[in-house]
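An overview of the molecular structure
Single-letter residue listing:
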Amino acid sequence: MRITMIGTGYVGLVSGACFSDFGHDVVCVDKDERKIAALHDNIMPIYEPGLAELVATNVRAGRLAFTTNLAEGVKDADAIFIAVGTPSRRGDGHADLSYVFAAAREIAENLTRPSVIVTKSTVPVGTGDEVERILAELAPQSGAKVVSNPEFLREGAAISDFKRPDRVVVGSDDEAARAVMAEIYRPLSLNQSAPVLFTGRRTAELIKYAANAFLAVKITFINEIADLCEQVGADVQEVARGIGLDNRIGRKFLNAGPGYGGSCFPKDTLALLKTADDAEVPLRIVEATVAVNDTRKRAMGRKVIKAMGGDARGKTVGVLGLTFKPDTDDMRDAPSLSVIQALQDAGATVRAYDPEGIEQARPMLKDVTFATDAYAAADGADALVIVTEWDEFRALDLKRIAAAMASPTLVDLRNIYPRDEVERAGLRVTGIGKS
Ligand code: UDX
């Protein structure tokens, strides 16, 4: 199959590279000349484990190419994927679809055959109808069909999520378009590793939002149970295991922490609420989740202050981990931002370290100094806070940390260390959901 991917952001680049690895011919198109020039030199615009190697292999094999020339990319394609950004629109929280519609118009102007147009970007219900309208207006003779094919990639695990997904969702009622999509995903269905679920287009669009909202609810639920654990003398990790072993609940996404962040959950829950508002069907559980998660991030700053005895003035706090989760340099809606702001508002000085995120974090964090490693962040600090569970924080020399600190206080917002191990090293520890 000949595939064109419009947009070489996170989703477009990972999807394009993986499709080419399946054996398809893929052209990735982006307007950003510097990005395309960098990709020609195998420099990735994002940090994602394994991506540079995957791109290099498939470029060398002649299956993957990059261009700024949309017309060239669109000319012979069997399928054209739209994988451009859909950020929250400033002011009202609706998904900003201007990039999607601009891509649709450009595709329409350059279509020469009845390609299948696939929206991979996360788009509100009904967006496929609008894309179809644009195509019908600008390229009525093309016979192009519009399909929804949402992605479920986690940053840091995007390649394995793409190649070994739990399912693939394809939304279209058109038989020919379904056949093209079935062919594109044949490598996944061949070894029966992933069911390809064919649905209506609006249903596919909603599946994406419902999945992300459900996961956000699940995380927020266990976070509230964690707060209760702290008050009643229970342990949230054991509660999570105890409920998660029930297959109806499932073990994943029950890790209590500082609240969810990232490029998807915050944006997609808000966009879903807007869709629900417009449809006059309030989603109260999702509304509560968004509100609880927002207040939680800042509350984590107060938790650190409490661990320091209730006063942050004149104190120094070392922060380990800034990105919203490990194995990414993404700072979007990262809990660290609110935790640090709350600490600074209370008069603390913050020194932070992150393995990959410092460059992205620097412009977002005022008056924070950056350390070269975890030990430098701990040096002379009155508290050390683990905000993101990078692997390199799992094997710290805790005795060395304790000796370096002015006051040996660890706040482990990801529960990565057992209490007895930390205490043996001479540190006081506050975790999440433990009394
Ligand atoms: C998410 C979805 O998982 C993915 O399917 C979708 O396509 C995009 O959004 P991502 O945002 O990359 O992926 O990260 P994810 O691993 O889902 O984590 C999101 C946030 O939830 C992070 O801040 C993470 O720390 C938090 N989280 C996750 C928890 O606090 N506890 C958990 O148990 C799981």
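An unreviewed UniProt entry lists the chain under the name UDP-glucose 6-dehydrogenase, with Sphingomonas guangdongensis as the source organism.

1. Examining unusual backbone geometry
The phi angle at N42 is positive, at roughly 60°, despite the residue not being glycine. Secondary-structure assignment places N42 in the loop between α2 (33-40) and α3 (51-60). The class of N42 is exposed, set by 12 C-beta atoms lying within 10 Å. With a phi close to 60°, F253 is a non-glycine residue in the positive phi region. Looking at the element boundaries, F253 is found in the loop between α11 (236-244) and α12 (265-278).

2. Some thoughts on the site of the ligand
Taken together, the neighbourhood of the ligand is formed by 20 residues, with E155, N255, Y260, G262 and C264 sitting nearest. Each residue belonging to the shell around the ligand can be placed in one class, and the counts come to ten nonpolar, six polar and four charged. There are two domains that each give the shell around the ligand at least three residues, and those are domain 1 (2-199) and domain 2 (209-290).

3. With respect to the pairing of strand β12 (residues 383-386)
Where burial is concerned, the two faces of β12 agree: the one with A383 and V385 and the one with L384 and I386 are both buried. Two elements, strand β9 (residues 316-320) and β12, share four bridges in a ladder whose sense is parallel. For L320, the partnering residue across the bridge sits in β12 and is I386.

4. Side note on the domain arrangement of the chain
Parsing the chain into structural domains produces domain 1 (2-199), domain 2 (209-290) and domain 3 (297-430). Averaged C-alpha coordinates put domain 1 and domain 2 at centres separated by 29 Å. If you look at the interface, domain 1 gives ten residues, while domain 2 gives eight residues. Split into classes, the residues belonging to the side of domain 1 that touches domain 2 amount to five nonpolar, four polar and one charged.

Calculation rules
Residues numbered from 1 in each chain as written. Predicted model: local features only at pLDDT ≥ 70, side-chain atom pairs only at ≥ 80, totals over all residues. Helix = DSSP H or I, 4+ residues; strand = E, 2+ residues; numbered from the N terminus. Buried ≥ 20, exposed ≤ 12 C-beta atoms within 10 Å, placed from the backbone. Near = placed C-beta within 6 Å. Nonpolar A, V, L, I, M, F, W, Y, C, P; charged D, E, K, R; others polar. Domains from an automatic or database assignment. Pairing = 2+ DSSP bridges. Contact = placed C-beta atoms within 7 Å.

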